[in-house]
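# Overview (structure and organization)
The lines below spell out each chain.
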Amino acid sequence: MINLSYRFDQNSTSLELAGMPDVSNGDTKDTIGIISSWTLKIIGSPQLEGEKEHLDNLMQAILQYSRSYISGIQKTFISNNKIVKISPFGISHKLLLNSTKKDVKPLEIILDDSELSDLTRCLDLLIFDPRFNIKWDINKERPFSKKYIRSSSINSSKKSNFFYALIIFLFTNTLLVFIPTNNKLDLRESVNSTEVLSNKTK
């Protein structure tokens, strides 16, 4: 039995897969046709591992999200089996991973733009690597229409504008609460001015 292992490295991310040729499918000795395990390492985050189903779900969410993000569309994407969810998180991206095992809490990972790019690059390299003869359960990429990009970008912009306007409103109100008022001084000054005017009149 031939055991093979291939790894894809980017600056912050390393994806390694182990497996063997699928002889019944005519795979060569250097081709992985059956995946036995995979591990994903992202700097500063716990190591991820699982079966092919988990990797399929990771690809489904990450690739769609990255493609939309590059087109200026910021929205949440969830994998088919709802194992993986990725959504905008301020200037970063929140990756939520649900375990298929019972009583295991979801794992949350915050990615910046460079980490998201490295992860996407690793997945792209895997998909187009001729050393793998795997049928991935991912959606076929179709170009977004201009109408879809325009409408999605406008909706994202509206949400962002509302969010920032709300922050400014709350911040301004907070400042006003802490600014001391000088009503007594103003009242005293107005009274003194009235007395001076009355004395001049006399």
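Below, the structure is looked at part by part.

Glancing now at the overall build of the protein chain. When helices and strands are tallied, the protein chain shows four helices and eight strands. Looking at the protein chain residue by residue over its 202 residues, the buried ones come to 30%. The contacts in the protein chain between residues at least 6 apart in sequence include a share of 50% that link residues at least 24 apart. Accessible surface for the protein chain amounts to roughly 14,100 Å². Of this, 56% is attributable to carbon and sulfur atoms.

Our next topic: the packing of aromatic side chains. If you walk through the whole model with that rule in mind, you get four aromatic pairs. Seen from their ring centres, Tyr 6 and Phe 132 are 5.7 Å apart, and the 70° between their planes marks the pair as edge-to-face. Remark: Phe 132 occurs in the loop between helix 2 (113-127) and helix 3 (146-178) and Tyr 6 occurs in strand 1 (residues 4-9); sequence separation between them is 126 residues. With respect to class, Tyr 6 is no different from Phe 132; both count as buried. Ring centres of Tyr 65 and Phe 77 lie 6.5 Å apart, and the angle between their planes is 90°; this geometry places the pair in the edge-to-face category. Within this pair, whereas Tyr 65 is found in helix 1 (residues 52-70), its partner Phe 77 is found in strand 5 (residues 77-78), the two being separated by twelve residues in sequence. A single burial state applies to Tyr 65 and to Phe 77, both of which are buried. Three or more aromatic residues joined by ring pairs make a cluster, and in this case those are Tyr 6, Phe 8 and Phe 132. Lying across the ring of Tyr 6, Arg 131 places its NZ or CZ 4.1 Å from the centre.

The subject of this paragraph is the sheet that holds strand 7 (residues 92-97). Sheet strands pair by backbone hydrogen bonding; their relative direction is either parallel or antiparallel. In spatial order, the strands read 5-6-7-8; together these four strands make up an open sheet with antiparallel pairing. Either end of the sheet is taken by a strand with one partner, and the two such strands are strand 5 and strand 8 (107-111). Looking at chain direction, strand 6 (residues 84-89) and strand 7 are connected through six bridges and run antiparallel. Looking at strand 7, one finds that Lys 85 is bridged to Leu 96. Its contacts with the sheet put helix 2 on strand 6, strand 7 and strand 8, and the angle it makes with strand 8 is roughly 110°.

Conventions adopted
Residues numbered from 1 in each chain as written. Predicted model: local features only at pLDDT ≥ 70, side-chain atom pairs only at ≥ 80, totals over all residues. Heavy atoms only, no water. Helix = DSSP H or I, 4+ residues; strand = E, 2+ residues; numbered from the N terminus. Buried < 20%, exposed > 50% of the residue type's maximum accessible area, 1.4 Å probe, protein only. Contact = heavy atoms within 4.5 Å. Areas by Shrake-Rupley, 256 points an atom, 1.4 Å probe, with all protein chains shown as cover. Phe/Tyr/Trp six-rings, centres within 6.5 Å; stacked < 30°, edge-to-face > 60°. Lys NZ or Arg CZ within 6 Å of the ring centre and 35° of its normal. Pairing = 2+ DSSP bridges. Axes fitted to C-alpha atoms, helices over the stretch in contact; angles between N-to-C directions.

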